There are 2 protein chains.
Amino acid sequence: MRWAEGFIAVDWGTTNRRGYLIGSDGSLEQEMEDDQGILSVPPEGFPSAVAELRARLGDRPLLMAGMIGSNRGWVEARYVPTPAGLDDLAHQLTWAEPGFAAIIPGVSHSTPDRADVMRGEEVQILGAVATGMVSDHAMVCHPGTHNKWASVIGGRIASFRTVMTGELFNLLKEHSILADLLSHPAVADSSFELGVEHGLAHDDLTSELFAIRARTLLGRAPAEQAASYTSGLLIGNDLRIGLRAAPVGEIIVMGRPELTRLFAVALKVAGREAREIDGEEAFLAGVRKLAELIR
Amino acid sequence: MRWAEGFIAVDWGTTNRRGYLIGSDGSLEQEMEDDQGILSVPPEGFPSAVAELRARLGDRPLLMAGMIGSNRGWVEARYVPTPAGLDDLAHQLTWAEPGFAAIIPGVSHSTPDRADVMRGEEVQILGAVATGMVSDHAMVCHPGTHNKWASVIGGRIASFRTVMTGELFNLLKEHSILADLLSHPAVADSSFELGVEHGLAHDDLTSELFAIRARTLLGRAPAEQAASYTSGLLIGNDLRIGLRAAPVGEIIVMGRPELTRLFAVALKVAGREAREIDGEEAFLAGVRKLAELIR
């Protein structure tokens, strides 16, 4: 099998993709990132998007994760139900090109009163566990467009919950009555911390969002503070929901460093211990382990 | 003064405007509605937009309410602080044309921990109170882009709170990952009622919104039910916040009949008594009373 000669791992999301050429010894030989997310590829355009990727990184087998396996991606990949381990992912790949291009399944969580799905985060979370970056009993918070709070038990994703904080912030910033106010940068300053405190203590998000505008109109808060406060408010609200499944203990915050930083600051405001892990590093750990299981 | 010969009342909002020609005896002689909301009028275009209105309805004094008095409207009108009565509105008009075109002030509510504003709803609420449609001690729920929960005490708006339910539903419908699901019509059916129940009982809106998508992806709920469930969820969440200021008693639901209907059904699910009032009728009652106070 050609995987022993190395492979290309792709974290293929909605709006961008990252490709990594992994050598036969597991080393990272080359990497690329561009804006060819699945939404910018026409439905029949994936074979040529993949050919272009191989032209840049080498004619190697592909191991893909993320929205590439959604119903808008190349080939729809299944969801593995919780509790899900790395072996479950490896054994339920969907082959877009038999033996030569595999899509890693997502994970679903379904109980009588809840339903949830993830695509992409599972590789990072289970990769971090497999390489010891994260213990096999842990609570992982993975901020992004759709933040995932994942409970890891016995090395498997036992349950998880999505809070759509990132998407909501983007909707408000791009299309809402708060758009002007949110054009300022959001940073982890004292306004951010005030927002976190409000979000943690109050369950009135859809009302407090309007109050941000009212305070500015009435001259009670400067417009420049609104973006940081709103970011803090949304993240505090997210923590209030997510921390219910983790009343004590350290929280692992995994993902893009600029996002894990904001969540780590917010967790500190909540009086909780946080440890940040770079999502890219965790992704590479995950695909290396998966490639071993496929070989 | 020319008001005695009749006047034109305009409810001039963000995306549309409604004009009413009121005769000298207070009767409604003519009305019009178009999509010339303030956002479709260029900043210097209001005099000609008003001239066109008078060409259609008559060369009469204008009494205007709504976003026409915002910083994006014709002339910025002040906010009258709570507690605010009809007399306060009448005495603090902003004249865009001296003696001939007046903009009714909005109302602000400001306490150490809260800040809120309204423009337009105050005319309806105080008009309904002035004509006895609503008692002078009442809780009014006014759904729209930004739902207002207003506490009326002694015939004045004593306090109020905005919940941006309508805008959030529109953002989700037009721009979010739920957009496909929300293209179905939202109706007050059993899915709507289930959504209301969830919104009333749980403070996890930003998580449950994603669960709607997950349930559909996992085949646990038909896509056609998602819009009604989402509408119910948002309205139930709105009621959970708004009803805190009204633990007992009848709720007056005022506004466009298609919206008051949904909120009245949701209030029934919450075990609360609701009475619907047509916002247009309340607006006409308000401007008639205001015109008497100006004369």
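Calculation notes
Chains are numbered independently. Their residues run from 1 in the order of the written sequence. Working convention: letters from A go to chains and numbers from 1 go to ligands, in the order in which they are written. The predicted nature of this model means local features are confined to residues of pLDDT at least 70 and side-chain atom pairs, given and counted, to a pLDDT of 80 or more, with totals for whole chains, interfaces and linings taken over all residues. Labels follow the DSSP assignment, with helices taken as runs of H or I lasting at least four residues and strands as runs of E lasting at least two, numbered in each case from the N terminus. Burial is judged by counting the other C-beta atoms within 10 Å of a residue's own C-beta: 20 or more makes it buried, 12 or fewer makes it exposed, and any count in between marks it as partly exposed, with every C-beta position built from the backbone. Residue pairs are scored as contacts if the distance between their C-beta atoms, which are placed from the backbone, is within 7 Å. When DSSP locates at least two bridges between a pair of strands, those strands are taken to pair. An axis is simply a line fitted to the C-alpha atoms; with a helix, the fit covers only the stretch in contact. Between two such axes, the angle follows the N-to-C directions and lies from 0 to 180 degrees. To line up the copies, we fit them by least squares on C-alpha atoms, keeping just the residues with pLDDT of at least 70 in both. The handedness of a crossover follows from its direction of travel: if, with the strands pointing away from the viewer, the path from the first strand over the helix to the second runs clockwise, the crossover is right-handed. For every residue, the predictor assigns a confidence score, pLDDT, that lies between 0 and 100. Multiplying 1.5 Å by the helix residue count minus one yields the expected span of that helix. Orientation categories follow fixed angle ranges, with anything under 35 degrees roughly parallel, anything over 145 roughly antiparallel, 65 to 115 roughly perpendicular, and all other angles oblique. Here is the rule for handedness: rotate from the far helix to the near one, and if that takes an anticlockwise turn smaller than a right angle the crossing is left-handed, while a clockwise turn gives right-handed. Think of it as three bins: nonpolar holds Ala, Val, Leu, Ile, Met, Phe, Trp, Tyr, Cys and Pro, charged holds Asp, Glu, Lys and Arg, and polar takes everything else, Gly as well.

1. Describing the overall build of chain A
Each helix and strand counted, chain A has nine helices and 14 strands in total. Along the first, second and third principal axes, the C-alpha set of chain A runs to 65 × 40 × 35 Å. Counting all 295 residues of chain A, 53% fall into the buried class. Considering only contacts within chain A whose residues lie at least 6 apart along the sequence, 65% involve residues at least 24 apart.

2. As for the sheet that holds strand 9 (residues 114-118) of chain B
Residue and element names in this part refer to chain B. Across the sheet, three strands lie side by side as 5-8-9; this open sheet has mixed pairing. What marks the edges here is a single partner per strand, and that holds for strand 5 (79-81) and strand 9. Neighbour-to-neighbour, the strand axes of this sheet turn through a mean angle of 25 degrees, independent of strand direction. Summarising the sheet, strand 5 and strand 8 (residues 106-111) pair through three bridges and their orientation is parallel. Following the sheet pairing, Tyr79 is matched in strand 8 by Gly106.

3. Considerations on the relation of the copies chain B and chain A
For the pair chain B and chain A, the superposition axis carries a translation of 0.0 Å, the fit reaches an RMSD of 0.0 Å, and the rotation angle comes to 180 degrees. Both copies of the chain, as the preceding transformation shows, are related through a two-fold rotation axis. When the interface residues of chain B are mapped onto chain A, 100% of them are again interface residues, pointing to one common binding face.

4. A short note on the sheet that holds strand 9 (residues 114-118) of chain A
Residue and element names in this part refer to chain A. Taken in spatial order, the three strands make up an open sheet running 5-8-9, and their pairing is mixed. A single partner strand is all that each edge strand has here, and the edge strands are strand 5 (79-81) and strand 9. Ignoring strand direction, the axes of neighbouring strands in this sheet form an average angle of 25 degrees.

5. A look at the interface of chain B and chain A
The partner chain A presents 34 residues to the 34 residues of chain B that form the contact. Those elements that provide at least two residues to the side of chain B that touches chain A are strand 8, strand 9, strand 12 (156-163), helix 4 (165-175), helix 6 (205-217) and helix 7 (226-242) of chain B. Sorting elements by how many residues they give to the side of chain B that touches chain A places helix 6 of chain B first, with nine residues.

6. Examining the pairing of strand 13 (residues 251-255) of chain B
All names here are of chain B. Burial analysis of strand 13 places five of its five residues in the buried class, the great majority of the element. Taking every second residue as pointing to the same face, both faces of strand 13 are buried, with Ile251, Val253 and Gly255 on one and Ile252 and Met254 on the other. Where strand 10 (residues 138-142) meets strand 13, three bridges bridge the pair, whose relative direction is parallel. Looking at the pairing, Cys141 lines up with Val253 of strand 13. Read as a crossover between parallel neighbours, the route from strand 13 over helix 8 (residues 257-269) to strand 14 (residues 274-278) is right-handed.

7. Some words on the confidence of the model for chain A
Per-residue confidence for chain A gives a mean pLDDT of 96, with 99% of residues at or over 70. For this predicted complex, the interface confidence score (ipTM) comes to 0.96, while the overall pTM stands at 0.96.

8. Here's the deal with helix 9 (residues 279-294) of chain A
Under the 1.5 Å per step criterion, the end-to-end length of helix 9 of chain A is 22 Å for 16 residues, consistent within 8% with the ideal 22 Å. Within helix 9 of chain A the residues assigned to the buried category are Gly279(A), Ala282(A), Phe283(A), Leu284(A), Ala285(A), Gly286(A), Val287(A), Arg288(A), Lys289(A), Leu290(A) and Ala291(A).

9. A few points about the environment of Arg161(A)
Residues and elements named next belong to chain A. In this structure, Arg161 sits in strand 12 (residues 156-163). Owing to 21 C-beta atoms within 10 Å, Arg161 belongs among the buried residues under this scheme. Counting along the chain gives 15 residues from Arg161 to His146, while the straight-line C-alpha distance between them is 9.7 Å.

10. Quick look at the environment of Ala158(B)
Residue and element names in this part refer to chain B. Within the fold, Ala158 resides in strand 12. The spatial distance from the C-alpha of Ala158 to the C-alpha of Thr145 is 22 Å, given a sequence separation of 13 residues. Once you skip the residues sitting within four places of it in the chain, Ala158 turns out to touch Thr82, Pro83, Ser151, Val152 and Ile153.

11. Focus: the packing of helix 6 of chain B against helix 7 of chain B
Residues and elements named next belong to chain B. The contact between helix 6 and helix 7 brings their axes to 11 Å, and the two run at 170 degrees. The angle between helix 6 and helix 7 falls in the class roughly antiparallel. The handedness of the crossing between helix 6 and helix 7 comes out as right-handed. In contact with Leu205, Glu208, Ile212 and Thr216 of helix 6, helix 7 contributes Ala226, Tyr229, Thr230, Leu233 and Asn237. Across the contact of helix 6 with helix 7, the residue classes break down as five nonpolar, three polar and one charged.

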